Amino acid sequence: MNKMPKKLIVILIVLVIIIFLYFSYNPDKIDNVSRPSLDRDAPIVTDTLSVIINQVTINVLAEDISGISEIEIRVKRGRGISFKDTEVVESCKNIDSCSHIKIYPPGTYTYYIKAKDNSPSKNEFISEAKFFGAIQPS
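Residues numbered from 1 in each chain as written. Predicted model: local features only at pLDDT ≥ 70, side-chain atom pairs only at ≥ 80, totals over all residues. Heavy atoms only, no water.

**Here's the deal with unusual backbone geometry**
- Positive phi outside glycine occurs at Ile-53, with the angle close to 60°.
- Its location among the elements puts Ile-53 in the loop between β1 (44-52) and β2 (55-63).
- The backbone phi angle of Lys-122 is positive, close to 50°, even though this residue is not glycine.
- Counting through the fold element by element, Lys-122 comes out in the loop between β6 (107-117) and β7 (124-126).
- When its relative accessible area of 42% is taken as the criterion, Lys-122 is described as partly exposed. (Helix = DSSP H or I, 4+ residues; strand = E, 2+ residues; numbered from the N terminus. Buried < 20%, exposed > 50% of the residue type's maximum accessible area, 1.4 Å probe, protein only.)

**Considering the pattern of salt bridges**
- Taken as a whole and judged by the stated rule, the model has four salt bridges.
- Taking the shortest distance from any N to any O, the salt bridge between Asp-47 and Lys-130 comes out at 2.5 Å. Residue Asp-47 is found in strand β1, and its partner Lys-130 is found in strand β8 (residues 130-134); the two are separated by 83 residues along the sequence.
- Residue classification places Lys-130 among the partly exposed residues on the basis of a relative accessible area of 28%.
- Here Lys-114 ties to Glu-124 by a salt bridge, and the two come within 3.6 Å at their closest N and O atoms. Pair noted here: Lys-114 is in strand β6 and Glu-124 is in strand β7, with a separation of 10 residues, a long-range link. (Salt bridge = Lys/Arg side-chain N within 4 Å of Asp/Glu carboxyl O.)

**Concerning the nonpolar core**
- In terms of nonpolar packing, the biggest core is built from 18 residues, with Ile-58, Val-60, Ile-71, Val-75, Tyr-104, Ile-113 and Phe-132 touching the most fellow members.
- Breaking this core down by element, the ones donating at least two residues are β2, β3 (68-77), β6 and β8.
- For Phe-132, the contacting residues outside a window of four places in its chain are Leu-49, Val-51, Val-56, Ile-58, Val-75, Tyr-104, Gly-107, Thr-108, Tyr-109 and Tyr-111. (Core = buried A, V, L, I, M, F, W, Y, C linked by side-chain atoms within 4.5 Å. Contact = heavy atoms within 4.5 Å.)

**Details of the sheet that holds β1**
- Across the sheet, three strands lie side by side as β1-β2-β5; this open sheet has antiparallel pairing. Each edge of the sheet is formed by a strand with only one pairing partner; in this case those strands are β1 and β5 (97-103). The mean angle between the axes of side-by-side strands here comes to 10°, regardless of whether they run parallel or antiparallel.
- With seven bridges joining them, β2 and β5 adopt antiparallel strand pairing. The residue of β5 that forms the bridge with Ile-58 is His-100. (Pairing = 2+ DSSP bridges. Axes fitted to C-alpha atoms, helices over the stretch in contact; angles between N-to-C directions.)

**A few points about the environment of Pro-105**
- Along the polypeptide, Pro-105 turns up in the loop between β5 and β6.
- A relative accessible area of 44% means that Pro-105 is categorised as partly exposed.
- For the pair Pro-105 and Ile-53, spaced 52 residues apart in the sequence, the C-alpha separation amounts to 10.0 Å.

**Thoughts on the side chain of Arg-74**
- Relative to the assigned elements, Arg-74 resides in strand β3.
- Only 2.8 Å separates the side chain of Arg-74 from the side chain of Glu-72, close enough to count as a polar contact.
- A polar contact of 3.4 Å, which involves the side chain of Arg-74, links it to the side chain of Thr-86.
- The residues touching Arg-74, leaving out its near neighbours within four places in the chain, are Phe-83, Thr-86, Glu-87, Val-88, Val-89, Thr-110, Tyr-111 and Tyr-112. (Polar contact = N/O pair within 3.5 Å; in protein donor to acceptor, adjacent residues only side chain to side chain.)

**Quick notes on a nonpolar patch on the surface**
- Side chains of Leu-8, Ile-11, Leu-12, Leu-15, Ile-19, Tyr-22 and Phe-23 sit close together on the surface and give an oily, nonpolar patch of about 750 Å² of accessible area.
- As for its placement among the helices and strands, Ile-11 is situated in helix α1 (residues 6-24).
- For Ile-11, a relative accessible area of 47% corresponds to the partly exposed category. (Patch = residues over 30% accessible without salt bridge, like charges linked within 9 Å, V, L, I, M, F, W, Y side chains within 5 Å. Areas by Shrake-Rupley, 256 points an atom, 1.4 Å probe, with all protein chains shown as cover.)

Here it is in structure tokens:
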């Protein structure tokens, strides 16, 4: 029986290993945790407002690939108030939804939503000014 030379066997084994490694490598399978975060986008935020006479309900849902670290609902009496002049009436941490329910005295109010993601850059969403009115119950 003919014996294969040892050099040829070693070369064949090395080739098989190289071929195996070549076909098993897939950069998409690399775990995202091992790579630096590439999230540069602010959270996507939706809110709903319900006013029944003077009972106000604000519901917020935030979504982000990195998760949500905080949602704030901010309110101030009056119109045209800047974001910085508003008071945090609800703060929800490490959850993607937040709700605020309160009976408000009659008047006009401004509210804002702020949300931050869990990425290293702490991307932030701040809504435009939104308004609601509460009336005196009869």
